[in-house]
Amino acid sequence: MSSGHHKTDWDTYFLELARQAATRSSCVLDQHGAVIVRNRRILSTGYNGTPSGYGNCDQGACPRGKSMDRSKPCAGLHAEANAILYATPEERQGATLYITAPPCFECAKLISNSGLEEIVTLDGQDRAGFDKVRKFLLDCNVRVRMLRY
């Protein structure tokens, strides 16, 4: 007996969790989230924001956020970096990172050296230079999947 209920696929489910993690961000310019998953088990989450103990961006502690000038230094960590920090090296081996936007080159370096096997992000959220980032990740044997939403 079918109830007509549509079950969400795993990729959509984990990307939605990454979007939910992004709601914790204190950044006034960008809110991004990340979730690390292995064998359909959530290992860690992350969102962009300033380090623990430092004032939040939305409270004026970040030079970039305070001035709304992207050329100023940013005091925050990206969602990907925070998710990687909160998963152990053993947990990250062979895991997948779901992120709400394509990673920057600095995060791609962290991803490539973290043991993560794959990233999944949304297509259509262009980040300048992502073709080079994608090639770098592929060269480092990290799969890259861009999903249309």
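Keep in mind that this is a model prediction, so the values were computed, not measured.

### What about the packing of aromatic side chains?
All told, the structure shown has five aromatic pairs when counted by the stated rule. Taken together, W10, Y13, F14 and Y98 form an aromatic cluster joined through their ring pairs.

### A closer look at the pairing of strand β2 (residues 41-47)
As defined by bridge partners, strand β1 (residues 33-38) adjoins β2 across six bridges and the pair is classed as antiparallel. If you follow I36 over to β2, its bridge partner there is S44. The hairpin turn running from β1 into β2, its antiparallel successor, is two residues long, and N39 in that turn takes a positive phi close to 50°.

### A word on helix α5 (residues 105-112)
Residues that lie three or four places apart on an α-helix share one face, since the helix turns once every 3.6 residues. Residues C107, A108 and I111 constitute the buried set of α5. The buried residues of α5 occupy one face: seen down the axis, they fall within an arc of 105°. Close packing links the buried residues of α5 with α3 (79-85), β3 (96-99), β4 (118-122) and α6 (130-139).

### Here we look at the side chain of T121
Tracing the chain through its elements places T121 in strand β4. Judged by its relative accessible area of 0%, T121 falls in the buried class. In terms of polar contacts, T121 uses its side chain to reach the backbone carbonyl oxygen of A101, at 3.3 Å. Setting aside its immediate chain neighbours within four residues, T121 contacts L15, I99, T100, A101, P102, R145, M146 and L147.

Reading the values: the criteria
- Residues numbered from 1 in each chain as written.
- Predicted model: local features only at pLDDT ≥ 70, side-chain atom pairs only at ≥ 80, totals over all residues.
- Heavy atoms only, no water.
- Phe/Tyr/Trp six-rings, centres within 6.5 Å; stacked < 30°, edge-to-face > 60°.
- Pairing = 2+ DSSP bridges.
- Helix = DSSP H or I, 4+ residues; strand = E, 2+ residues; numbered from the N terminus.
- Buried < 20%, exposed > 50% of the residue type's maximum accessible area, 1.4 Å probe, protein only.
- Arc of directions from axis to C-beta.
- Contact = heavy atoms within 4.5 Å.
- Polar contact = N/O pair within 3.5 Å; in protein donor to acceptor, adjacent residues only side chain to side chain.

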